[in-house]
Amino acid sequence: MHRSGVHHDDLALDGAVVLHAAFTPTEVTRLRMGVEAAVERITRCARSEPEPVATSQSSQGHRLQTVHGTSIHWEPDTSRPTVRNLRPVTHLDARLTQLWDEPRLTRPAADLLGVPEVGPLTSKISFKRAGVGSEFIWHQDYTFLQRFLGTAAREAVTAMVLLDDADADNGALTLVPGSHLAGPRPDGEPPNAADAPPVTIEAAAGSVLLFPTLMLHSSGPNRSERDRRALLLLYQPAGRPNLDETHSRVAETGGGDQVTSTAGFGSGE
Ligand SMILES: O=C(O)CCC(=O)C(=O)O
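Residues numbered from 1 in each chain as written. Predicted model: local features only at pLDDT ≥ 70, side-chain atom pairs only at ≥ 80, totals over all residues.

Visitor: Sorry, what's going on with the environment of Thr26 here?
Guide: By the secondary structure assignment, Thr26 is in helix 1 (residues 25-48). According to the C-beta neighbour criterion, Thr26 is exposed, with 9 such atoms within 10 Å. Along the backbone, Thr26 and Gly206 are 180 residues apart, and their C-alpha atoms lie at a distance of 9.5 Å. (Helix = DSSP H or I, 4+ residues; strand = E, 2+ residues; numbered from the N terminus. Buried ≥ 20, exposed ≤ 12 C-beta atoms within 10 Å, placed from the backbone.)

Visitor: Would you mind showing me how to read the environment of Pro184 here?
Guide: In this fold, Pro184 is placed in the loop between strand 11 (173-175) and strand 12 (199-201). Once the C-alpha coordinates of Pro184 and Leu216 are considered, the two residues, 32 residues apart in sequence, prove to be 9.0 Å apart. Once residues within four sequence positions are removed from consideration, Pro184 is found in contact with Gln140, Tyr142, Thr143 and Leu214. (Contact = placed C-beta atoms within 7 Å.)

Visitor: How should helix 3 (residues 103-113) be read in this particular structure?
Guide: Spacing of three or four residues puts side chains on the same side of an α-helix, whose turn is 3.6 residues. Every buried residue of helix 3 is accounted for by Leu105, Thr106, Ala109, Leu112 and Leu113. Buried residues in helix 3, looked at end-on, bunch into an arc of 130 degrees, giving them a common side. In this structure, helix 3 carries Pro103 and Arg107 as exposed residues pointing more than 90 degrees from its buried face. Buried residues along helix 3 sit in contact with strand 3 (16-19), strand 8 (118-126), strand 10 (157-162), strand 13 (208-212) and strand 15 (230-237). Directly after helix 3, the chain includes Gly114, whose backbone phi takes a positive value near 70 degrees. (Arc of directions from axis to C-beta.)

Visitor: What is the right way to read the pairing of strand 5 (residues 63-67) from this model?
Guide: Remember that side chains alternate between the two faces of the sheet whenever the strand is regular. The sheet contact formed by strand 5 and strand 6 (residues 70-74) spans 4 bridges and is antiparallel. Bridge assignment links Val67 to a residue of strand 6, and that residue is Thr70. The turn linking strand 5 back onto strand 6 is made up of 2 residues, and His68 within it adopts a positive phi angle of 50 degrees. (Pairing = 2+ DSSP bridges.)

Visitor: I would appreciate a short explanation of the nonpolar core in the present structure.
Guide: Soluble, globular proteins show a tendency: their nonpolar side chains are buried together. Formed by 64 residues in total, the largest nonpolar core has its most connected members in Ala159 and Val161. With 6 residues, the top contributor of residues to this core is helix 1. Setting aside residues no more than four positions away along its own chain, Ala159 makes contact with Leu105, Ala109, Val208, Leu210, Leu233 and Tyr235. (Core = buried A, V, L, I, M, F, W, Y, C linked by C-beta atoms within 7 Å.)

Visitor: I would appreciate a short explanation of the pairing of strand 6 in the present structure.
Guide: Strand direction decides the pairing type here: strand 6 and strand 7 (residues 83-87), joined by 4 bridges, are antiparallel. Each bridged residue has a counterpart across the sheet, and for Ser71 the counterpart in strand 7 is Arg87.

Visitor: Looking at this model, I keep getting lost on helix 1. Mind explaining?
Guide: Relative to the 34 Å expected for 24 residues at 1.5 Å per residue, helix 1 spans 35 Å between its end C-alpha atoms, a close match to the ideal helical length. Burial in helix 1 covers these residues: Val28, Leu31, Gly34, Val35, Ala38, Val39 and Ile42. (Expected span 1.5 Å × (residues − 1).)

Visitor: Mind showing me how you'd approach unusual backbone geometry here?
Guide: Peptide bonds are, in most cases, trans, and in most cases residues other than glycine have a negative phi. Omega for the bond connecting Arg87 with Pro88 falls within 30 degrees of zero, at -15 degrees, which places this linkage in the cis form. For Pro88, the location among the structural elements is in the loop between strand 7 and helix 2 (94-97). Although it is not a glycine, Ala21 sits at a positive phi angle of roughly 50 degrees. Tracing the backbone shows Ala21 in the loop between strand 3 and helix 1. Positive phi is not limited to glycine here, since His68 has a value of about 50 degrees. Mapped onto the fold, His68 is located in the loop between strand 5 and strand 6.

As structure tokens, then:
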């Protein structure tokens, strides 16, 4: 994997936007408390679930477990169970729920989508714990979403709120500027010669990275002694059902055989 650029400035990255220090240290502390409360709450439920619980595997062979509608993606190869990702999450803690209407997220998300207003699609926490957080392969968020939304999955953006300082050592996100213009690609396929050089987004806690669902991205493992947590809110044009409502509708109408649950994760997740 080549990592030729490191991004520090408040510049548009051909489709993506980085807002440095969009949230204050006090706000970041509150959000950290929110994500830790969410993981504590859901893992407590997971521990008390009678076996067998709903489990499956990601395409990378990681264990997935669904508890009360939230999918837990466990880190592989850890000596004690460690959560890699949760989805959906904002309903698990009021400090996270409140973030959906935050203008520092909704305004740039609406600008990127070219619509007057945005609404919630789904939410995730990426924990990337110190020393054990595993890599995210090259992927587009589109791949997972299009299973439920079809081509409307193009009309969404991810707002990634950094809850810890992120750099290459602790697994900062790397994206390929402009790659959203080239359409969908298979998960795991690295950038090609026609792509712009990948850029690793090194930014402080409280910064926000926004990018469209077709933008190719990945991140390395966390080899450092520092967590690299992030809250990811996915927005879509206002007025559309969120992902879980979409799933309920599919289940109620009996349509969409291939859709058994929206609580799983895509390959990159
Ligand atoms: O947390 C990361 O580094 C990547 C997260 C991501 O790409 C995802 O959740 O789809």
